[in-house]
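Notes for the structure review
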Amino acid sequence: MKKSVRLPVHVKPERYKIMLRPDLENFTFSGEETIYLVLEKAAKEITLHSVDLEILSAEWIHKSKEVWAGKVAYDLKTETAIFSFPKLLEKGKGQLKLTFKGILNDKMRGFYKSKYTLDGVDKHLAVTQFESTDARRAFPCFDEPSQKAIFDVTLMIPANTVAISNTMESNISEHESGYKIVEFEPTPKMSTYLLAFIVGEFEYIEGNRQQATGNKSLVRVFTTPGKKEQASFALDVSIKCLDFYEDYFGIDYPLPVLDMIAIPDFAAGAMENWGAVTYRESTLLVDTEKSSAANKQWVAMVIAHELAHQWFGNLVTMEWWTHLWLNEGFASFIEYLAIDHIFPKWEIWTQFVAGELGTALALDSLANTHPIEVTVNHPAEISEIFDKVSYAKGASVLRMLWKYLGEKAFQKGLQHYLKKHAYSNAKTEDLWKALEEVSGKPVGKIMANWTAKPGHPLISVKLKVKNLPAGRQGEKLELRQSRFFSSPISKRKSKDKTLWNIPITVRGETRKGFLMDKKSLYVNVTHTRYGLKMNVGESSFVRVDYPQKLLKELEGAVKNGKLSAPDRLGLIRDSFDLAQSGDSLTTLALELALSYLGEEDYTVWAQLTGHLSQLDSLFSDEPFYGQFKAYGRKVYSGIVRKMGWEKKAGEKPTNVLLRGMVLYKLGSFGDKDIIKKAQTIYNETVSSGKSIDPDLRGVVYNLVAENGGKVEWNKLVSMYKQEDNQQEKDRIGRALGLFKSKPLLKKTLEFSISKDVRYQSALGIITSVWGNPNGRYLAWEFVKKNWELLKERYAGGHYFTRVFSPAGEFTKISDAKDIEKFVAKNPIPEAKRTIAQALEQIYSNAQWLKRDRTGIKRFLSKDV
Ligand SMILES: [Zn+2]
């Protein structure tokens, strides 16, 4: 049993008055705070969270008149400070007054500094990132989501800067020291992890909104000087999102102001601080010349996600981190609803099926996945669950429930839930209860194993002949459910007998829906020439294994356009994943993929591309690798011919995304014309300074790097250094990982940790090298060699686990052994699961090749 790290429950904060003074020259800060407390029983001491703070004084104000000086002791393990006083503290109200100081760190957590350069001059700003457990690094506090309180924030700042916090500034005055004192209106009752303080030189644009209640609310987007023109897309999207959510949730945005701030150094994508949402520059700013359609879509999605949190997460907060998925799964689901409303042509729900559902299924197929709800105690365990299971599987099971209950009932249930728990906390069961009350369906019972158990089911379909009146084709299907594992080794070891309540549909002549709550089930269906598609629209979180006869019919349906995009996607996804798991053959999936040559949907191509990229990495050391590349060219050449390099008037917005993706894949599979064209476009820009269409920049840079040498490397690096736009920097950084030459890849790795690359961007470059078959061993050796540096920079945060995510691309057992040996010597608590997942994948890869190698070789040599 692990010891609980939660604070004693008999002391409750009601209000904090906090004053912080950041020093942007010496990178320190000092602070004072008074916490208004209620003691539910007499106490000898008070325990608060506090890390890396030096507490200078502590006083207890007894009955608003007597002042008792206290002593402080620190417990580093539990990240707390314990205050003791000469007399017993009586039951009832009291005030704890503290002074303290700390350091503005460079680790992108707690209260930290960020740097940018303006006209050749280095500038600094101070900013916070508190989720999950880092408010305790800025001020001693009850740093748990259920310890909600009101915060009165005052920031004392240099005269040339501005201060941003969760609410509107109420008063600005001058201090004799030359500093400005900025006081903010009290916050609503809220959790510590949602507080924010930002101090620096900013400019902003703003827009006004009229709420249903007649209130006005102000939306502002802040950038460092010179970038506010890039904020208008974000302002527009955020206003539309707020309108949508107010209407959908039936509750007005509760604060008078929403500020959104672009921060040059930021670990996550964005953070939903109530009323003061912080973003990476690349997730908030849109530059008309440099941002691609994909960049723009990503910005819109991130904004929709963070703004959903203003209700789901901020107004109603998870009771403890075990219920993190309630925040993240929900926001990751509802952002699609908002974006579908604002940008209906983006076909964003189809994109969900490859994006969220596809990635969630992949991760959740490992034995080393975890249940959506997981008991967590220590901060390292909390960091670990900010992963695809909490976000994407959470979103996927909510989408399944949304479809099952019906959109109206689902919305009503949410409104009921938010009203009932506003300004308070809730658990998963509370959400199910609210949905149950509105829909009358046993939501808690249906959802139990989806959130409490790891993994998800595979539905195996068997055909049983059924006699029907003459002239009609009838079938009796036998459906069986069992947990799906992508690794046959994991399957063999597993004793998992979980049964899920599966809302499932089948479309033959008609569409039928039912709830499968047993191990096996018989269904009567009448099917058409184009077969029977299970899990229509891929709305449930399951996979389907069809018998050959049905699969053949569905293949025909794909070719004849008789299936919807999500259904075509689901079919190819399951086919590749069943090959990986050993339930089917890789050659069958490769053959099925050839039925998709007429495909024109971006999302279906994205799914197929994901599988072919996985195989590309898996096969990279095999003698038949060249033949696989030829196969790849066969798959992509038709669609590339249709798409071409030029945008077409009136084409679907997703075609822009499709074009970039398929051009790159065809070039990457070695098509000489595509590579040449990419090099020509690139050379024209280098010689004449002509700007490249932002939607083609990724393709061009990647192919130039993949086929380039020293000259191209030097040029890309100098472009990286000169570039100020983060999206463009990310694009170039990724390309730097794609060279074939090992010495150049080594230089890329060194560059990633040089002063020219922000901490937030280094791991992206390292993982690009790691994902490159020519660079994977170099990247791993580099990580080992620079372990101390990486640990110093990233350990403890959510970001660190990413170092290991590409490790799963190794294919040899010796690689797994080497990683095991290294982590045994260098334990990383917050990356434990990520490493276990990578190891499971490597062992599975090795067996996959062993099992199917001969068949694949034969298939590829006959096919090409
Ligand atoms: Zn979120």
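Before any of the text, the structure's been laid out above.
First things first, this report covers the structure right here in the doc. This one's a predicted model, so the numbers in the text were calculated from it and none came from an experiment. (Residues numbered from 1 in each chain as written. Predicted model: local features only at pLDDT ≥ 70, side-chain atom pairs only at ≥ 80, totals over all residues. Heavy atoms only, no water.)

Attention now goes to the coordination of the zinc ion. Protein coordination at the zinc ion: the donors are H305 (NE2), H309 (NE2) and E328 (OE), at 2.0 to 2.1 Å from the metal. Ordering the donors of the zinc ion by residue number gives the pattern H-x3-H-x18-E. Residue H309 is found in helix α2 (residues 293-309), and its partner E328 is found in helix α3 (residues 324-342); the two are separated by 19 residues along the sequence. Summarising the burial analysis for this pair, H309 and E328 share the class buried. (Donors = N, O, S within 2.8 Å, 3.2 Å for Na, K, Ca; no water. Helix = DSSP H or I, 4+ residues; strand = E, 2+ residues; numbered from the N terminus. Buried < 20%, exposed > 50% of the residue type's maximum accessible area, 1.4 Å probe, protein only.)

Let us now look at helix α20 (residues 726-736). For α20, the tally of buried residues reaches nine of eleven residues, placing the bulk of the element in the interior. Of the residues making up α20, those classed as buried are Q726, Q727, E728, K729, R731, I732, G733, A735 and L736. Looking at the packing, one finds that the buried side of α20 touches α2, α18 (694-706), α19 (710-722), α21 (742-752) and α22 (759-771). (Contact = heavy atoms within 4.5 Å.)

Core analysis: the largest hydrophobic core is formed by 286 residues, its most contacted members being F139, Y245, L307, I334, F410, L612 and Y631. Of the residues forming this core, the biggest block, twelve residues, is contributed by α3. (Core = buried A, V, L, I, M, F, W, Y, C linked by side-chain atoms within 4.5 Å.)

On to a nonpolar patch on the surface, then. A surface patch of nonpolar side chains, about 320 Å² in accessible area, is lined by V72, Y74 and L76. Tracing the chain through its elements places L76 in the loop between β6 (71-75) and β7 (80-89). Residue classification places L76 among the exposed residues on the basis of a relative accessible area of 78%. (Patch = residues over 30% accessible without salt bridge, like charges linked within 9 Å, V, L, I, M, F, W, Y side chains within 5 Å. Areas by Shrake-Rupley, 256 points an atom, 1.4 Å probe, with all protein chains shown as cover. Salt bridge = Lys/Arg side-chain N within 4 Å of Asp/Glu carboxyl O.)

The next subject is empty space enclosed by the protein. Under the counting rule described, the total for this entry stands at four cavities of 30 Å³ or more. Counted as a void, the largest cavity has a volume near 90 Å³. Residue lining of the largest cavity: 15 residues in total, with V5, H49, R136, N377 and P379 positioned closest to the centre. Here the residues of the lining of the largest cavity are counted per class, giving five nonpolar, five polar and five charged. Put simply, the second largest cavity is a space of about 50 Å³. Lining the second largest cavity we find K227, Q230, E281, S282, L285, N725, Q726 and Q727. Partitioning the lining of the second largest cavity into residue classes produces one nonpolar, five polar and two charged. (1 Å grid on protein atoms, 1.4 Å probe; cavity = no way out; pocket = protein on both sides within 12 Å on 5 of 7 lines; lining within 4 Å. Points joined across faces, edges and corners; volume = space filled by probe spheres on them. Nonpolar A, V, L, I, M, F, W, Y, C, P; charged D, E, K, R; others polar.)

Here three strands make up an open sheet; going across it, the order is β3-β7-β6 and the pairing antiparallel. The open sheet has two edge strands with one neighbour each: β3 (43-49) and β6. For this sheet, the mean angle separating the axes of adjacent strands, direction not counted, is 25°. Inspection of the sheet shows β6 paired to β7 by five bridges, in the antiparallel sense. Across the sheet, A73 pairs through a bridge with I82, a residue of β7. (Pairing = 2+ DSSP bridges. Axes fitted to C-alpha atoms, helices over the stretch in contact; angles between N-to-C directions.)

Turning our eyes to something else, we now look at the sheet that holds strand β8 (residues 92-103). Spatial strand order, β5-β4-β8-β2-β1-β11-β14-β13: eight strands in an open sheet with mixed pairing. Every other strand in the sheet has two partners, leaving β5 (66-69) and β13 (169-174) as the edge strands with one partner each. If you compare each strand with its neighbour and ignore which way they point, the axes differ by 15° on average. Direction of pairing for strand β4 (residues 54-62) relative to β8: antiparallel, over a ladder of seven bridges. Note that in β8 the partner of I55 across the bridge is F100.

Here K710 is to be found in helix α19. A relative accessible area of 58% means that K710 is categorised as exposed. Note: C-alpha distance between K710 and P743 (33 residues apart in sequence) is 9.5 Å.

This part takes up the environment of T854. Along the chain, the position of T854 falls in helix α26 (residues 832-863). When the C-alpha atoms of T854 and V544 are compared, they prove to be 26 Å apart, with 310 residues separating the residues in sequence.

A word on α21. Taken as a whole, α21 has its buried residues at L744, L745, T748, L749, F751 and S752. Looking straight down α21, one finds that the buried residues subtend no more than 160° of arc, so they occupy a single side. The inward-facing, buried residues of α21 abut α19, α20, α22 and α23 (776-785). Where α21 begins, one side-chain oxygen reaches toward the backbone nitrogen of L744, 3.2 Å away; that side chain belongs to S741. (Arc of directions from axis to C-beta. Polar contact = N/O pair within 3.5 Å; in protein donor to acceptor, adjacent residues only side chain to side chain.)

One can describe the packing of helix α7 (residues 407-421) onto helix α8 (residues 428-439) by two numbers: an axis separation of 8 Å at closest approach and a directional angle of 130°. When the interaxial angle is binned, α7 and α8 end up oblique. Every pair of crossing elements has a handedness; the one defined by α7 and α8 is right-handed. Here A409, F410, K412, G413, L414, H416, Y417, K420 and H421 of α7 come into contact with α8, specifically with D430, L431, K433, A434, L435, E437, V438 and S439. (Parallel < 35°, antiparallel > 145°, perpendicular 65-115°, else oblique. Left-handed = near helix turned anticlockwise from the far one by under 90°.)

Another point: unusual backbone geometry. Glycine aside, residues mostly have negative phi angles, and peptide bonds mostly take the trans form. Cis geometry marks the peptide bond from E131 to S132; its omega dihedral reads 5°. Here S132 is to be found in the loop between β10 (121-129) and β11 (150-157). Phi at F27 takes a positive value of approximately 55°, unusual for a residue other than glycine. Of note, F27 is situated in the loop between β1 (11-23) and β2 (28-39).

Before going further, it helps to examine the pairing of β1. Bridge analysis of β1 against β2 gives twelve bridges, and the strand direction is antiparallel. Residue pairing for β2: M19 is matched across the bridge by E32. Linking β1 to β2, which pair antiparallel, is a turn of four residues; within it F27 sits at a positive phi near 55°. Note: β1 against β11, six bridges, orientation parallel. Bridge pairing in β11 places Y16 opposite F151.

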